[in-house]
Each structure stands twice: as structure tokens, then as C-alpha cells.
Amino acid sequence: MSLGKVFEGSGEGAGLRIAVVTARFNAEITERMRAGAREALRAGGVSDEDVDEAYVPGSFELPLAAKRLAEAGRYDAVICIGAVIRGETSHDTYVAGQAAAGIQRAALDTGVPIIFGVITTHTREQALDRAGGRTNKGADAAATAIAMATLLRAMGAD
Ligand code: INI
């Protein structure tokens, strides 16, 4: 009996080219997440010169900018960073939902991993907790980018 293949990603980011798109809305939070992502990419072996960055006004704008970067064909993964915090209306629900759906669609349309590094919280405190307090979801998104980019490489999909 022959064994089938097992495709896996790794944490070895050397040689990967990554783009990071950060939403300026709730910048106090997203800047910490962006810094966490940069640090995690460096720790994963991705060199600073292989990382490009872009900024968008809010999380709603993340999918289009990420798609444009993915279409450029220069990046092994694109990381989207945003923070959606509940307000007095349901506006946040639309922003977060469209960011999630748009990011997934952009990834499926382009074949490039586009990572959903967008936190959705009820309060600023919860957001700070996830932006370098208890954990850093930007760093988690960077690890996911490396894992997906190396997985697709292993599959021979690029
Ligand atoms: N954008 C965010 O990134 N986070 C939010 O919490 C947020 N809220 O709640 O309003 C937000 N809104 C702006 C939105 O992303 C767009 O920039 C805006 O609607 C213009 O398209």
C-alpha cells in the first residue's frame, strides 16, 4: 500500500514576499497589530526588504487594496489588519461583515492567501487586549500568512 502525500505549511518564512495592508480607523489599535505583524514576520525569517505596506482609511476598504496587491503577482501572501469596535449603531456589523467577505473573495479570486487580521470587539479594552495586551492578533495573522504561503508552495500552486 502506498501512502498519499501530506501537504503542510511551515513557520519558515525566508524568501517569502509579503504585503501588509493596515486600516487607519482605530489607529491606536491597528498600529500595534501592524507592529506585531512586522515583528512576527521578522521572527519567521521574512526579510524586511521583502515586506511592502499599504494603508487604507478603514476596514471596509481592506479587500480592494488587498486584491490589487495580490493581483500584482509579487506577493506570496497579503495580510489585512483592522479593528472593528462596536458602536452605538449596527454600522460595525456591516463594516466587519463586508471586510470578512471581501477578503475571502479576493483570496479565492486571486489564489493568493489574504489573511483576515481584523479584530471585532465590543470595547476598546478588548481590542487593546488583542493588540499586544494578552495577545497580538497582528502577529497571529503574520504566522498564518507564512503558514499559508508555504503550504501553497508545498502544493506547487505558485
Ligand atoms: N472602520 C474600521 O476599521 N473599524 C470600525 O470600527 C469602523 N466603524 O465602526 O465605523 C470603521 N468604519 C469605517 C469604514 O471602514 C469605512 O472606512 C467607511 O465606511 C468608508 O467606506
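See the structure above.
Residues numbered from 1 in each chain as written. Predicted model: local features only at pLDDT ≥ 70, side-chain atom pairs only at ≥ 80, totals over all residues. Heavy atoms only, no water.

1. Here we look at the side chain of arginine 38
Here is step 1: Considering the arrangement of structural elements, one finds arginine 38 in helix 1 (residues 27-43).
Here is step 2: Residue arginine 38 is classed as buried on the basis of its relative accessible area of 13%.
Here is step 3: When neighbours within four sequence positions are excluded, arginine 38 is seen to be in contact with Asp48, Val51 and Glu53. (Helix = DSSP H or I, 4+ residues; strand = E, 2+ residues; numbered from the N terminus. Buried < 20%, exposed > 50% of the residue type's maximum accessible area, 1.4 Å probe, protein only. Contact = heavy atoms within 4.5 Å.)

2. Quick word on the site of the ligand
Here is step 1: As a matter of local geometry, the ligand sits amid Phe25, Asn26, Gly58, Ser59, Phe60, Glu61, Ala83, Val84, Ile85, His91 and Val95.
Here is step 2: The separation between an oxygen atom of the ligand and a polar side-chain atom of serine 59 is 2.7 Å.
Here is step 3: Isoleucine 85 is positioned such that a nitrogen or oxygen atom in its backbone is 3.1 Å from an oxygen atom of the ligand.
Here is step 4: For the ligand, whose free accessible area comes to 460 Å², the fraction covered by protein is 76%. (Near = heavy atom within 4 Å. Polar contact = N/O pair within 3.5 Å; in protein donor to acceptor, adjacent residues only side chain to side chain. Areas by Shrake-Rupley, 256 points an atom, 1.4 Å probe, with all protein chains shown as cover.)

3. Observations concerning the nonpolar core
One recurring pattern in soluble globular proteins: nonpolar side chains tend to sit buried together.
Here is step 1: Counting 22 residues, the largest nonpolar core has Ile18, Val20, Ile29, Leu41 and Ile79 as its most contacted members.
Here is step 2: Secondary structure elements with two or more residues in this core: strand 1 (18-23), helix 1, strand 3 (77-85), strand 4 (114-121) and helix 5 (137-155).
Here is step 3: Here this core gets five residues from one element, more than from any other, and that element is helix 5.
Here is step 4: Each residue touching isoleucine 29, except ones within four places of it in the same chain, is listed here: Ala83, Ile85, Ile119, Arg124, Ala127, Leu128 and Ala131.
Here is step 5: By size, the runner-up hydrophobic cluster in this structure holds 20 residues, among which are Val78, Ile103, Val112 and Val118. (Core = buried A, V, L, I, M, F, W, Y, C linked by side-chain atoms within 4.5 Å.)

4. Observations concerning the layout of surface pockets
Here is step 1: Approximately 280 Å³ is the volume found for the largest pocket.
Here is step 2: Contributing to the lining of the largest pocket are 14 residues, with Phe25, Val84, His91, Asp92 and Val95 lying nearest its centre.
Here is step 3: Contributing elements (two or more residues each) for the lining of the largest pocket: strand 3 and helix 3 (91-110).
Here is step 4: Counted by class, the lining of the largest pocket contains six nonpolar, six polar and two charged residues.
Here is step 5: The space that makes up the second largest pocket amounts to roughly 210 Å³.
Here is step 6: Broken down by secondary-structure element, the contributors of at least two residues to the lining of the second largest pocket are helix 2 (62-71) and helix 3.
Here is step 7: The greatest single-element share of the lining of the second largest pocket, amounting to six residues, is contributed by helix 3.
Here is step 8: Residue composition of the lining of the second largest pocket, by class: five nonpolar, two polar and three charged. (1 Å grid on protein atoms, 1.4 Å probe; cavity = no way out; pocket = protein on both sides within 12 Å on 5 of 7 lines; lining within 4 Å. Points joined across faces, edges and corners; volume = space filled by probe spheres on them. Nonpolar A, V, L, I, M, F, W, Y, C, P; charged D, E, K, R; others polar.)

5. Concerning unusual backbone geometry
Here is step 1: You will see that asparagine 26, though not glycine, has its phi angle at about 55°, which is positive.
Here is step 2: Looking at the secondary structure, you find asparagine 26 in the loop between strand 1 and helix 1.
Here is step 3: We classify asparagine 26 as partly exposed; its relative accessible area is 24%.

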